[in-house]
Amino acid sequence: MLNGLFDPATVFIYLPRLLSKLPVTLLIVVTATLLGAAGGMLLALVRLFRTPVLNQAAVVYISFMRGTPIVVQLFLVFYGVPWLLDHVGIDINRWDKLFFVILTYTLNTAAFKAEVFRAALQSVPSGQAEAAYAVGLTRLQCFRRIIAPQALLIALPSLGTGLAALLQDTSLAYTLGIIDVMGQVHAIASGTNRMLEGYVGAAIIFLTLSVALEKGFGRIEANLLIKRHH
Amino acid sequence: MIEIRDIHKTFGHNLVLKGVDLKVDKGEVVVIVGPSGSGKTTLLRCINFLERADAGEISIGDTHVAFRQATARQVSTIRKQTAMVFQNYNLFNNMTALGNVMEGLVTARKVPKKEAEAVSRAVLDQVGLADKCDAYPSQLSGGQQQRVGIARALALNPEVILFDEPTSALDPELVGEVLSVMKAVARKHITMVVVTHEMSFALEIASRVIFMDGGVVVEEGAPQEIFLRPKEERTRQFLRRILPETDYTI
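Rules and cut-offs
- Residues numbered from 1 in each chain as written.
- Chains lettered and ligands numbered in written order.
- Predicted model: local features only at pLDDT ≥ 70, side-chain atom pairs only at ≥ 80, totals over all residues.
- Heavy atoms only, no water.
- Helix = DSSP H or I, 4+ residues; strand = E, 2+ residues; numbered from the N terminus.
- Buried < 20%, exposed > 50% of the residue type's maximum accessible area, 1.4 Å probe, protein only.
- Areas by Shrake-Rupley, 256 points an atom, 1.4 Å probe, with all protein chains shown as cover.
- Lys, Arg positive; Asp, Glu negative; His and termini not counted.
- Charge placed at Lys NZ, Arg CZ, Asp CG, Glu CD.
- Contact = heavy atoms within 4.5 Å.
- Disulfide = S-S within 2.5 Å.
- Polar contact = N/O pair within 3.5 Å; in protein donor to acceptor, adjacent residues only side chain to side chain.
- Buried area = accessible area lost by both parts, 1.4 Å probe.
- Salt bridge = Lys/Arg side-chain N within 4 Å of Asp/Glu carboxyl O.
- 1 Å grid on protein atoms, 1.4 Å probe; cavity = no way out; pocket = protein on both sides within 12 Å on 5 of 7 lines; lining within 4 Å.
- Points joined across faces, edges and corners; volume = space filled by probe spheres on them.
- Nonpolar A, V, L, I, M, F, W, Y, C, P; charged D, E, K, R; others polar.

Draft legend 1. Broad picture of the overall build of chain A. In terms of regular secondary structure, chain A is built from 9 helices and 0 strands. Overall, chain A shows an N-to-C arrangement of helices and strands of α-α-α-α-α-α-α-α-α. Counting only C-alpha atoms and orienting by the principal axes, one finds that chain A spans roughly 75 × 55 × 25 Å. Each of the 230 residues in chain A was classed as buried or not, and the buried ones make up 40%. If you sum the accessible surface of chain A, you get close to 12,300 Å²; carbon and sulfur atoms cover 69% of it. On chain A, the mean spot of the 17 positive side-chain charges and the mean spot of the 11 negative ones are 9 Å from each other.

Draft legend 2. Focus on the overall build of chain B. When its secondary structure is counted, chain B shows 9 helices and 10 strands. Considered along the principal axes of its C-alpha atoms, chain B spans approximately 55 × 55 × 30 Å. Across the 250 residues in chain B, those meeting the buried criterion constitute 56%. If you take every contact in chain B between residues at least 6 apart in sequence, the share linking residues at least 24 apart comes to 62%. Of the roughly 11,200 Å² of accessible surface on chain B, a fraction of 48% belongs to carbon and sulfur atoms. Across chain B, the 30 positively charged side chains and the 31 negatively charged ones have centroids separated by 5 Å.

Draft legend 3. Summary view of the state of the cysteines. Inspection of the entire model under this criterion finds 0 disulfides over all chains. As a non-bridged cysteine, B:Cys46 has A:Cys142 as the owner of its nearest cysteine sulfur, 19 Å distant. With a relative accessible area of 0%, B:Cys46 lands in the buried category.

Draft legend 4. Geometry of the side chain of A:Arg47. Mapped onto the elements, A:Arg47 comes out in helix α2 (residues 22-48). Of note is the side chain of A:Arg47, whose polar atom sits 3.4 Å from the side chain of A:Asn55.

Draft legend 5. How the structure looks around the interface of chain A and chain B. Every contact between the two is made by 19 residues of chain A and, on the other side, 23 residues of chain B. Carbon and sulfur atoms supply 57% of the area buried between chain A and chain B, which totals about 1,900 Å² over both sides. Across the chain A-chain B interface, the total number found is 2 salt bridges. The partner of A:Arg145 in a salt bridge is B:Glu103, with the nearest N and O atoms 2.7 Å apart. Taken together, the connections running from chain A to chain B amount to 8 residue pairs in polar contact (both at pLDDT 80 or more). At the level of secondary structure, the elements contributing two or more residues to the side of chain A that touches chain B comprise α6 (126-134), α7 (139-169) and α9 (196-228) of chain A. Of all the elements, α6(A) adds the most residues to the side of chain A that touches chain B, at 7 residues.

Draft legend 6. Layout of the layout of surface pockets. Residue and element names in this part refer to chain A. Of the pockets and cavities examined, the largest pocket occupies roughly 520 Å³. Every residue lining the largest pocket is counted, 16 residues in all, and those nearest its centre are Phe49, Ala129, Tyr133, Arg139 and Ile147. Only α2, α5 (97-122), α6 and α7 provide two or more residues apiece to the lining of the largest pocket. A breakdown of the residues in the lining of the largest pocket according to their chemical character gives 12 nonpolar, 2 polar and 2 charged.

Right, here's the structure in full:
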């Protein structure tokens, strides 16, 4: 029935099967984004306040995560973390693979977000913090009320790009045997010997999501800017 | 009611304050003048702990604190009794004029929102910005921003308001509106310590003028004394440079 390298109609037969695994992809993206953002903020603060020891550790960590391919990180976490924990008597070898995948993307996201947040926090003029202390705000109140809201607006475009990049990066989770959208492409391919239709289907899904993200962030940014100026 | 004794401050190898005493009575307007680098601004910043002085003590109201040993709680007590108006306004850019004025009341002092808003609208009205409550700093001129800065200080009803060169960053045509607001504040007998280069303001409004140079107080007295009959040679030199010549020969 199916002939040739590529059959457009088959794409639409595969698409629902790929979409059924979209929740797995989204689970990775959403969890890694939220946890990674929190971790990134902590790293950024460690770096900004030049916390002794932790600052140097953060520098090494960020360089490593930004300087190695995500596939390498996936395997290091999947095999390395259980190995390390085994030495202190904790056995996590049987834990779900998805846990290690989400952990890897979280660690990776935190490193990239740390630099985005650090730059954004530094770009808020320090005079505003002084004014906040002068009217009696504590450091934490100043951060929460004055610095963070402005930094977030500055960081927003980078956060949008980062989210789109993370979405694409999840396409490597299948290397650990996760059946997300890309995992499903490979599963279909090995069962039917038809590869291209699956990839085209995946392309449609990823492209649609990326464009939606881009538009969404653009709209949030525009709204916030309009509120603040004119 | 505010007294500073023997304050010292060093930045690296640079001695900025070499033992300054300052006493300000309730309702007084003290103007500090002096060449740049004389330590005027550092003195103000040490009073509300934006800089930590190396030695000396401060008393405001019932609070007595040694600068160096001050605990976080003591710092906060002193800050609650002082307010600062900055050279570069330093308004919170993510808040409206009203939000800027309310912030200290609501977040730091836990004043109920409605009450804080009423107070804040009233002080914004006092500085002539009743119609700009909802404007963000980016929508205001420099003079308007600085008037919001003064309103932000007034709203806290502090024992003393510290003004750090409040007109130095303004375009010349905007200086007048800020000075007239400051004069109005002075007429309400609010205690003010003002670092400024506006000699006419000092002459007209100051209860006392302090001339600082090289990290010490060189001379102090009534404005007429300091400007018209200075005793110290350093004061005379400074005034010659800063005051316009009285007779011009062409």
